[in-house]
Amino acid sequence: MQNAKHVIVTGASRGIGRALVDVYVDMGHQVWALSRNIESLQNLKGVHAVELDITVEKQISDWVSSCGVDHFDVLINNAGMLINKPFSETTIEDYEAVYRVNVFGVAQLIRHLLPLFSKQTHIVNISSMGGVNGSAKFPGLAAYSSSKGALGILTELLAEEFKDEGPRTNALALGAVQTEMLAEAFPGYEAPVSAAQMANYIADFSLTAHQLYNGKVLPLSQSTP
Ligand SMILES: NC(=O)c1ccc[n+]([C@@H]2O[C@H](COP(=O)([O-])OP(=O)(O)OC[C@H]3O[C@@H](n4cnc5c(N)ncnc54)[C@H](OP(=O)(O)O)[C@@H]3O)[C@@H](O)[C@H]2O)c1
């Protein structure tokens, strides 16, 4: 396809990430699909399945230096980890595990990819309504929601630091979406939005919204606040 974009999706093996891969491929774009498990991503036309743990910096640097691509147009930082545990039982290891995926991995991946970004590149960080100040909060999500709050501030900082030369960076703070993560964290709860619905919106946003937004954390939820 003429004008095919180079898109990276992290956390591509299941849930919203897996649905995003399908949407971009249907649009005719080239997708680099990153996750630790890549069985579900192999042999798909237009998909470069990359087995990668975003918490391991050496795996990131090795992939970036060998990917053979001269630029990326879109990076969706979608990989996420959720621990649902009463605050009184949480350990430093819980916080470290969650922050390694939701914050540190995001920062390291962006840092290594900077040479392949341009003024037109759009980074979309997938955050959560729970990580937005003043939103409804849920018990058990201290590590998870605070990490998403940090991701929102990181988004604002990157937008400021790269406002002249790019990339542009925004975050979408999602409400509940029906995925494996949600089912594992809140068994029996039924979300009003499917992974495919959300993926359609995120893909469209990623390809257009950087013309209007930079450094914004935008709620994407049917509930208020
Ligand atoms: N579902 C919701 O209701 C909801 C609401 C608000 C925000 N979100 C956010 O939306 C994003 C996607 O959520 P989801 O519900 O689709 O989650 P999910 O079903 O659990 O999928 C998470 C993905 O992240 C990948 N991942 C986890 N750790 C990784 C690591 N260290 N390195 C690389 N990939 C890793 C997993 O793949 P591997 O295990 O194969 O690595 C998996 O593909 C997350 O950031 C989540 O916080 C979801």
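Scroll up to find the structure this text is about.
Since the structure is predicted, the reported quantities are computational estimates derived from the model, not experimental observations.

K.L.:
Tell me what's going on with the sheet that holds strand β1 (residues 6–10), and back it up with residues and numbers.
P.N.:
Taken together, seven strands build an open sheet; the order of strands is β3-β2-β1-β4-β5-β6-β7 and the sheet is parallel. Only two strands of the sheet have a single partner each, and these edge strands are β3 (47–51) and β7 (217–220). Across this sheet, the average inter-strand angle for adjacent strands is 20°, counted without regard to direction. Bridging between β1 and strand β2 (residues 30–35) involves five bridges; their strand directions are parallel. Within the sheet, the bridge partner assigned to V7 lies in β2 and is V31. Across the face of the sheet, helix α1 (residues 15–27) comes into contact with β1, β2, β3, β4 (74–77) and β6 (168–174) while running at roughly 165° to β1.

K.L.:
Could you give me a rundown of the site of the ligand, with the residues and numbers involved?
P.N.:
In the vicinity of the ligand, 30 residues are found, and the nearest of them are R14, R36, Y144, V177 and T179. Between an oxygen atom of the ligand and a main-chain N or O atom of N78, the distance comes to 2.8 Å. Protein burial of the ligand: of its 880 Å² of free accessible surface, 95% is covered by the chains. Going through the elements one at a time, α1, β5 (122–128), α4 (142–161) and α5 (180–185) are the ones with two or more residues in the shell around the ligand. In terms of residue class, the shell around the ligand is built from 13 nonpolar, twelve polar and five charged.

K.L.:
Break down the packing of aromatic side chains for me, with residues and values.
P.N.:
Aromatic ring pairs are defined here through the distance separating the ring centres and the angle between the ring planes. Taken as a whole and judged by the stated rule, the model has five aromatic pairs. Plain terms: the ring middles of W32 and F72 are 5.3 Å apart, the flat faces sit at 85° to each other, and that makes the pair edge-to-face. Of this pair, W32 sits in strand β2 while F72 sits in the loop between α2 (57–66) and β4, and the two are 40 residues apart along the sequence. You'll find W32 and F72 in the same group, each marked buried. Here the aromatic rings of Y201 and F205 are separated by 6.4 Å at their centres, their planes lie at 25°, and the arrangement is stacked. Within this pair, Y201 and its partner F205 are both found in helix α6 (residues 195–208), separated by four residues, close to a single helical turn. Residue Y201 is classed as partly exposed on the basis of its relative accessible area of 42%. According to the relative accessible area criterion, F205 is buried, its value standing at 5%.

K.L.:
Just give me the short version of the pairing of β4, but keep the residues and values in it.
P.N.:
Along any regular strand the residues' side chains alternate between the sheet's two faces. Side chains V74 and I76 of β4 all project onto a buried face; the interleaved residues L75 and N77 project onto the opposite face, where all are buried too. Relative to β4, β1 runs parallel, the two sharing three bridges. When the sheet's bridge partners are listed, V9 is paired in β4 with I76. As judged from the four bridges shared by β4 and β5, these two strands associate in the parallel manner. By the bridge assignment for β5, N77 is matched with N125.

K.L.:
Which residues make up α1, and what values do they have?
P.N.:
Its 13 residues give α1 an end-to-end C-alpha distance of 19 Å, which sits within 8% of 18 Å, the value for a rise of 1.5 Å per residue. Taken together, the buried positions of α1 are G15, I16, G17, R18, A19, L20, V21, V23 and Y24.

Rules used throughout
- Along each chain, numbering runs from 1 in the same order as the chain's sequence is written.
- Totals for whole chains, interfaces and linings use every residue, but because this is a predicted model, local features are given only for residues with pLDDT of at least 70 and side-chain atom pairs only at 80 or more, for both listing and counting.
- Only heavy atoms go into the side-chain values, all of them from the structure, while hydrogens and water stay out.
- At least two bridges found by DSSP between two strands is the condition for calling them paired.
- A run of H or I in DSSP becomes a helix once it reaches four residues, and a run of E becomes a strand once it reaches two; helices and strands are each numbered from the N terminus.
- Between N-to-C directions, angles span 0 to 180 degrees; the directions come from axes that are lines fitted to C-alpha atoms, helices contributing only their stretch in contact.
- We call two residues in contact when some of their heavy atoms are within 4.5 Å.
- When at least one non-hydrogen atom of a residue lies within 4 Å of a molecule or strand, that residue is treated as near it.
- Counted as a polar contact is a pair of N or O atoms within 3.5 Å, where, for protein atoms, one must be capable of donating a hydrogen and the other of accepting one, and residues adjacent in sequence contribute only when both atoms are in side chains.
- Per-residue and other accessible areas were derived by the Shrake-Rupley procedure at a 1.4 Å probe size, with only the shown protein chains allowed to occlude residues.
- Under this grouping Gly is polar, as are all residues other than the nonpolar Ala, Val, Leu, Ile, Met, Phe, Trp, Tyr, Cys and Pro and the charged Asp, Glu, Lys and Arg.
- Classification of ring pairs rests on two measures: the distance between centres of Phe, Tyr or Trp rings, Trp counted by its six-membered ring, which must be within 6.5 Å, and the angle between planes, read as stacked under 30 degrees, edge-to-face over 60 and tilted in between.
- A simple rule labels every residue: compare its accessible area, found with a 1.4 Å probe on the protein chains alone, to the largest value its type can have, and call it buried under 20%, exposed over 50%, or partly exposed in between.
- Here a helix's expected span is defined as the number of its residues, less one, multiplied by 1.5 Å.

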